[in-house]
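Structural characterization, general
The chain contents come next:
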Amino acid sequence: METRSSLIGELEDALQSGSKDKRVETLRRVTDLFVTDADRFNDQQIQVFDDVLGHLIKRIEAKALTELSQRLAPVNKAPTDVVRQLARHDDIAVAEPVLTQSRCLSDADLIEIAKTKTQAHLLAISARPQIDTVITDILLQRGDRPVLHRLAENAGASFSEDGFATLVEHSQGDSDLAEKVGLRLDVPLRLFRELLLRAAEAVRLRLLALAGPERREQIQSVLAAITEDTQHEAGFQSERDCVEAHTRALAMRSAGELNEATIFEFAKSGRYADMVACLSVLCGAPLQLLETLLQNDNREAILIPCKAAGLEWPTVRAIMGCRSVSCKLSDHDVEAAKVDYFKLSLAGAQRVLRFWQVRRTVASDISQPVGRLPKGSTAKAPYSASSR
């Protein structure tokens, strides 16, 4: 009680005098008194300092408030109301120390500040030693690039799966952010794989160089899986892949499940092996020949087996758009292919496809690429009206 009376008396003198210097001097004296014995004060005594400092800071300039914020920030049992006022101050020099360090701020305080204050305030919160997911979600939603970067490199920041998804999304095209996110050990495997899949080769190499042994092993494992998947998507890796895909296609035909809709779905979902195998069974051509045709840069090589199988144009377009098909066409080329496809007759396509099968069987060493009509043959025959 004596302490309270003494402090209140000095406070009143400082406020009544109207002197700025007197108020700053009193603020420092009160702060010194509190910080020196902060660990020994009980809740009631801390409340006394909260009242006194709360009166003083209303009429103190920003420079003195910044000093107060710096001194109170590391104190675990600082006057709560004063800390809250400092944290909400518009001047980031005043707010930053307590926003970054003070344990007296509750999650509710931080959420309110994160939702309403400036990017500088968000950046300060992003540097806290511990940040809960409910706060990082807001910071990621409102924060700019520096906020995302500081959060990504803060080992004490916790993220929800949506939060990690946001970081991975923003990492695309931002190699520095990709590195920071990639070095975290708490990224869900699914999102970590997506991060590495999108990352440039230089980023992957830096991650391998910077990561610890455990993380490096995980990165190598994920990269190996990505490489394997890419190879599968680009074609058949082995004779076993070829046999398994063909076996599935034959089983589907026996069950009455092999039709154009099936091929369309395989093409749209990127299931390249099953798409090729089913098309092979429908058009009656060897699977390896079909795989060669779909990896040919000539669009005619794709149109012939599709027409021989009796496919409608939307399915053909889906096959041409499958990312593992070699022939990449512009919009103009696609329209030209559509015109060619409607000109092409079923009988003509089947005739050309039989020719390619025979040529592949008896002359596999011929240098002319499969998928082009041989020199001297009737190039227009499959497209003529008489061949329909």
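Rules of the game
Residues numbered from 1 in each chain as written. Predicted model: local features only at pLDDT ≥ 70, side-chain atom pairs only at ≥ 80, totals over all residues. Heavy atoms only, no water. Helix = DSSP H or I, 4+ residues; strand = E, 2+ residues; numbered from the N terminus. Buried < 20%, exposed > 50% of the residue type's maximum accessible area, 1.4 Å probe, protein only. Contact = heavy atoms within 4.5 Å. Axes fitted to C-alpha atoms, helices over the stretch in contact; angles between N-to-C directions. Parallel < 35°, antiparallel > 145°, perpendicular 65-115°, else oblique. Left-handed = near helix turned anticlockwise from the far one by under 90°. Nonpolar A, V, L, I, M, F, W, Y, C, P; charged D, E, K, R; others polar. Core = buried A, V, L, I, M, F, W, Y, C linked by side-chain atoms within 4.5 Å. Phe/Tyr/Trp six-rings, centres within 6.5 Å; stacked < 30°, edge-to-face > 60°. Lys NZ or Arg CZ within 6 Å of the ring centre and 35° of its normal. Expected span 1.5 Å × (residues − 1). Polar contact = N/O pair within 3.5 Å; in protein donor to acceptor, adjacent residues only side chain to side chain. Salt bridge = Lys/Arg side-chain N within 4 Å of Asp/Glu carboxyl O. pLDDT = per-residue confidence, 0-100.

So, about the overall build of the protein chain. A tally of regular secondary structure across the protein chain gives 23 helices and zero strands. Out of the 388 residues belonging to the protein chain, those deemed buried represent 45%. Across the protein chain, every contact between residues at least 6 apart in sequence was considered, and the portion connecting residues at least 24 apart equals 64%.

What follows is about the packing of helix H17 (residues 260-269) against helix H21 (residues 313-321). H21 packs onto H17 with a crossing angle of 30° between their chain directions and a minimal axis gap of 8 Å. In terms of axis orientation, H17 runs roughly parallel to H21. Handedness of the H17/H21 crossing: left-handed. Taken together, the residues of H21 that come into contact with H17 (itself represented by Glu260, Ile263, Phe264, Ala267 and Lys268) are Pro314, Thr315, Ala318 and Ile319. Here the residues of the contact of H17 with H21 sort into six nonpolar, one polar and two charged.

On to the nonpolar core. In terms of nonpolar packing, the biggest core is built from 68 residues, with Leu99, Leu139 and Leu167 touching the most fellow members. Examining the composition of this core, we find that six residues originate from one element, helix H3 (residues 43-56), more than from any other. Discounting chain neighbours no more than four positions away, the residues touching Leu99 are Ala87, Leu105, Leu110, Ile113, His121, Ala124, Ile125 and Arg128.

Below, the discussion takes up the packing of aromatic side chains. According to the stated counting rule, one finds two aromatic pairs in the structure shown. Their ring planes at 50° and their centres at 5.1 Å tell us that Phe159 and Phe164 sit as a pair that is tilted. For the pair formed by Phe159 and Phe164, the shared burial category is buried. Summarising the aromatic geometry, the rings of Trp313 and Tyr341 are spaced 5.9 Å apart at their centres and angled 50° between planes, so their arrangement reads as tilted. Highlighted residues: Trp313 in helix H21 and Tyr341 in helix H22 (residues 331-343), separated in sequence by 28 residues. When sorted by exposure, Trp313 lands in the same class as Tyr341, which is buried. If you follow Arg215 out to its NZ or CZ, it ends over the ring of Phe192, 3.9 Å from the centre. Between the NZ or CZ atom of Lys307 and the centre of the ring of Tyr341, over which it lies, the distance is 4.2 Å.

Turning next to helix H18 (residues 272-283). The first and last C-alpha atoms of H18 sit 16 Å apart over 12 residues, in line with the 16 Å expected at 1.5 Å per residue. Buried residues dominate H18, accounting for 10 of its 12 residues. Three or more residues of H18 are buried, namely Tyr272, Asp274, Met275, Val276, Ala277, Cys278, Leu279, Ser280, Val281 and Cys283. Positive backbone phi, approximately 80°, marks Gly284, located one or two places after H18.

As for its position among the elements, Glu214 is in helix H15 (residues 213-234). Glu214 gets classed as exposed once you look at its relative accessible area, which sits at 64%. The sequence separation of Glu214 and Leu185 amounts to 29 residues, and the corresponding C-alpha distance is 9.2 Å.

In this structure, Asp174 sits in the loop between helix H11 (161-171) and helix H12 (175-182). Within the structure, Asp174 has its side chain in polar contact with the side chain of His149 (distance 2.9 Å). Setting aside its immediate chain neighbours within four residues, Asp174 contacts Arg145 and His149.

To characterise two packed helices, one gives the angle between the axes of the helices and the distance between these axes. In contact at an axis separation of 10 Å, H11 and helix H13 (residues 189-198) are set at 5° when each is read in the N-to-C sense. The orientation of H11 relative to H13 falls into the category roughly parallel. Contacts between H11 and H13 involve Glu161, Phe164, Ala165, Val168, Glu169 and Ser171 from the former and Arg190, Leu191, Glu194, Leu195 and Arg198 from the latter. By residue class, the composition of the contact of H11 with H13 is five nonpolar, one polar and five charged.

Attention now moves to the pattern of salt bridges. For the structure shown, the criterion picks out 14 salt bridges. Asp109 is the salt-bridge partner of Arg84, the closest N and O atoms lying 3.2 Å from each other. A residue pair is termed long-range when its members are at least 10 positions apart, and Arg84 in helix H5 (residues 80-87) and Asp109 in helix H7 (residues 107-116) qualify at 25 residues. A residue is classified by how much of its surface remains accessible, and Arg84, at 31% relative accessible area, is partly exposed. By relative accessible area, which is 7% here, Asp109 ends up buried.

In this section: the side chain of Asn154. Secondary-structure assignment places Asn154 in the loop between helix H10 (145-152) and H11. Asn154 gets classed as buried once you look at its relative accessible area, which sits at 10%. There is a polar contact of 2.9 Å between the side chain of Asn154 and the backbone nitrogen of Gly156. With near-sequence residues (within four places) excluded, Asn154 lies in contact with Ser126, Ala127, Arg128, Pro129, Ile131 and Arg184.

Let us now look at the confidence of the model for the protein chain. Averaged over every residue, the pLDDT of the protein chain is 81; the share at 70 or more is 80%. For the protein chain, helix H1 (residues 2-17) is the element with the lowest average pLDDT, namely 53, and helix H8 (residues 119-125) is the one with the highest, namely 98. Scored below 50 in pLDDT, residues 1-5 makes two contacts in the model with residues more than four places away or belonging to other chains. Across residues 363-388, where pLDDT falls below 50, the model places 50 contacts with residues more than four positions away in sequence or in other chains.

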